[in-house]
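Coordinate inspection notes
Here's the letter readout for the chains.
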Amino acid sequence: MDWKGVMPAITTCFKNDLSVDHEFMVEHCRWLLENGCTGVVALGSLGEGATLSFSEKTQFFVIV
């Protein structure tokens with residue numbers, strides 16, 4: 001892979017019931033890519049990756 005450009009680490013967004021807010025995250029990732037980012041580092045920039053289930057993580061990548 002040719003790793004270049006801006007690839008920000010993003011915070012995992014949650015709803016009030018503590019479920020992952022996939023809809024907002026899709027919106028946010030699209031905005032970042034449309035505005036010049038070449039990639040996104042998701043699901044763990046603040047350590048939350050250790051608390052997410054495998055299903056929550058895979059669902060994010062299927063949706064995005």
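I will try to describe carefully the structure that is included in this document. Values in this document were obtained by computation on a predicted structure and should not be read as measured data.

1. Structural notes on unusual backbone geometry
- Backbone geometry places Leu-18, a non-glycine residue, at a positive phi of 75°.
- Tracing the sequence through the fold places Leu-18 in the segment before helix 1 (22-34).

2. Points about the packing of aromatic side chains
- Per the counting criterion, the structure on display carries one aromatic pair.
- Aromatic side chains Phe-60 and Phe-61 sit 5.0 Å apart centroid to centroid with 80° between the ring planes, which places their arrangement in the edge-to-face category.

3. Here we look at the pattern of salt bridges
- Considering all chains together, one arrives at one salt bridge under this definition.
- Note that Glu-23 and Lys-15 form a salt bridge whose closest N and O atoms lie 3.4 Å from each other.
- You can call Glu-23 exposed: its relative accessible area is 52%.

4. Overview of the state of the cysteines
- Tallied over the full model, the rule gives zero disulfides.
- Left unpaired, Cys-13 is separated from the closest cysteine sulfur, that of Cys-29, by 8.7 Å.
- Just so you know, Cys-37 is unpaired, no disulfide at all, and the nearest cysteine sulfur is the one on Cys-29, 9.6 Å from it.

5. Some thoughts on the side chain of His-22
- Mapped onto the elements of the fold, His-22 is located in helix 1.
- Residues within four places of His-22 in sequence aside, it is in contact with Glu-56, Gln-59, Phe-60 and Ile-63.

Each value, and the rule that gives it
Residues numbered from 1 in each chain as written. Predicted model: local features only at pLDDT ≥ 70, side-chain atom pairs only at ≥ 80, totals over all residues. Heavy atoms only, no water. Helix = DSSP H or I, 4+ residues; strand = E, 2+ residues; numbered from the N terminus. Phe/Tyr/Trp six-rings, centres within 6.5 Å; stacked < 30°, edge-to-face > 60°. Salt bridge = Lys/Arg side-chain N within 4 Å of Asp/Glu carboxyl O. Buried < 20%, exposed > 50% of the residue type's maximum accessible area, 1.4 Å probe, protein only. Disulfide = S-S within 2.5 Å. Contact = heavy atoms within 4.5 Å.

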